[in-house]
Amino acid sequence: SAGKEAKQAPVLNVTFDPKKVGRINGSVTVATDHPVHKTLTLRMYGEVRGDIAAHPARVTINMSRPDTQKVRVASVRGAFKVLSAKDKDGYLSIATRSMDEGRGWELQITPNDKAKTQTRGFSSNVTIRTDDKAQPSLELPVYFHVPSKPSLPAKAAPSQPAKGH
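Not measured: the values here are computed from a predicted model.

Basis of the calculations
- Residues numbered from 1 in each chain as written.
- Predicted model: local features only at pLDDT ≥ 70, side-chain atom pairs only at ≥ 80, totals over all residues.
- Heavy atoms only, no water.
- Helix = DSSP H or I, 4+ residues; strand = E, 2+ residues; numbered from the N terminus.
- Buried < 20%, exposed > 50% of the residue type's maximum accessible area, 1.4 Å probe, protein only.
- Contact = heavy atoms within 4.5 Å.
- Phe/Tyr/Trp six-rings, centres within 6.5 Å; stacked < 30°, edge-to-face > 60°.
- Lys NZ or Arg CZ within 6 Å of the ring centre and 35° of its normal.
- Pairing = 2+ DSSP bridges.
- Axes fitted to C-alpha atoms, helices over the stretch in contact; angles between N-to-C directions.
- Salt bridge = Lys/Arg side-chain N within 4 Å of Asp/Glu carboxyl O.

Peer 1: In this structure, what is going on with the overall build of the protein chain? I would like to understand it.
Peer 2: Per the secondary structure count, the protein chain includes one helix and 10 strands. Element order for the protein chain, N to C, with α for helix and β for strand: β-β-β-β-β-β-β-β-α-β-β. Expressed as a percentage of the 165 residues in the protein chain, the buried residues total 24%. Sequence separation of at least 24 residues holds for 52% of the intrachain contacts in the protein chain that already meet a minimum separation of 6.

So, in structure tokens, the structure goes:
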């Protein structure tokens, strides 16, 4: 109403100094002057992104035509090495090659015979290990789309000759 001073919402600035790349979570506890709620706990979630990233950030493979997918892993900072790239479930064959004098790498990701036996959609994760101290690894989600097979029409029962004919 007129004449009353509008209350300003409090502002809380939080600074986080990450020591590693990846998903993070934590909390900040704030003391208040409220008679009942003496403290508030604010939950924080986030992801610290490093200088090395995969493009695309996820791969989808259509198992009706399981072609090799190419992923570029690059750094904005400088040269690095991909030490290994493996999927946790053993569904993929992965070849790596250096590009741009070590500032980028190409992964060629191909589903193997184990992946080709799956009858439903599934997923896996490729762990890419690097020699970078700040970002020793990154994860690449891989989704496998397995199309459903068309159902066959039910077989009709053989016709019986009519009785009495």
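Peer 1: Mind showing me how you'd approach the packing of aromatic side chains here?
Peer 2: Any aromatic ring pair is given by two values, namely how distant the centres are and how the planes are angled relative to each other. Across all of its chains, the model carries three aromatic pairs by this definition. With centroids separated by 4.6 Å and ring planes inclined at 55°, the aromatic side chains of tyrosine 91 and phenylalanine 122 adopt a geometry described as tilted. Residue tyrosine 91 is located in the loop between strand E6 (82-87) and strand E7 (92-99), and its partner phenylalanine 122 is located in strand E9 (residues 122-130); the two are separated by 31 residues in the primary sequence. By relative accessible area, tyrosine 91 is classed as buried at 12%. You can call phenylalanine 122 buried: its relative accessible area is 15%. Grouping aromatic residues by their ring pairs yields a cluster made of Tyr91, Phe122 and Phe144. Taking the ring centre of tyrosine 91 as reference, the NZ or CZ of lysine 114 above it sits at 4.9 Å.

Peer 1: So what exactly am I meant to see when it comes to the sheet that holds strand E10 (residues 137-145) here?
Peer 2: Consider a sheet: its strands pair through backbone hydrogen bonds, and that pairing is either parallel or antiparallel. Pairing is mixed across the open sheet formed by four strands, whose spatial order is E4-E10-E9-E6. Whereas interior strands pair on both sides, the edge strands pair on one side only; in this sheet they are strand E4 (59-62) and E6. Here the average twist between neighbouring strands, direction ignored, is 20°. Pairing geometry for E9 and E10, over eight bridges, is antiparallel. Each residue of the ladder has a partner; that of serine 123, found in E10, is tyrosine 143.

Peer 1: Can you walk me through the sheet that holds E7 in this structure?
Peer 2: Strand order in the open sheet formed by four strands is E3-E5-E8-E7, with antiparallel pairing between adjacent strands. Looking at strand neighbours, the two that pair on one side only are strand E3 (52-55) and E7, the edges of this open sheet. Across the sheet, the mean angle from the axis of one strand to that of its neighbour is 20°, orientation sign disregarded. The pairing of E7 with strand E8 (residues 104-111) spans eight bridges and is classified as antiparallel. For methionine 99, the partnering residue across the bridge sits in E8 and is glycine 104.

Peer 1: What exactly am I supposed to notice about the pattern of salt bridges here?
Peer 2: Once their charged atoms are close, side chains differing in charge can pair, the charge on each being opposite to the other. Counting across every chain of the model gives six salt bridges. Where arginine 72 meets aspartate 100, a salt bridge forms, and the shortest distance between an N and an O atom there is 2.3 Å. Of this pair, arginine 72 sits in strand E5 (residues 69-75) while aspartate 100 sits in the loop between E7 and E8, and the two are 28 residues apart along the sequence. Note on arginine 72: relative accessible area 29%, which makes it partly exposed. Between arginine 77 and aspartate 132 there is a salt bridge, with its nearest N and O atoms 2.9 Å apart. Here arginine 77, found in the loop between E5 and E6, pairs with aspartate 132, found in the loop between E9 and E10; they are 55 residues apart in sequence, far enough to count as distant. Judged by its relative accessible area of 10%, aspartate 132 falls in the buried class.

Function cannot be inferred from these measures alone, as they are strictly geometric.
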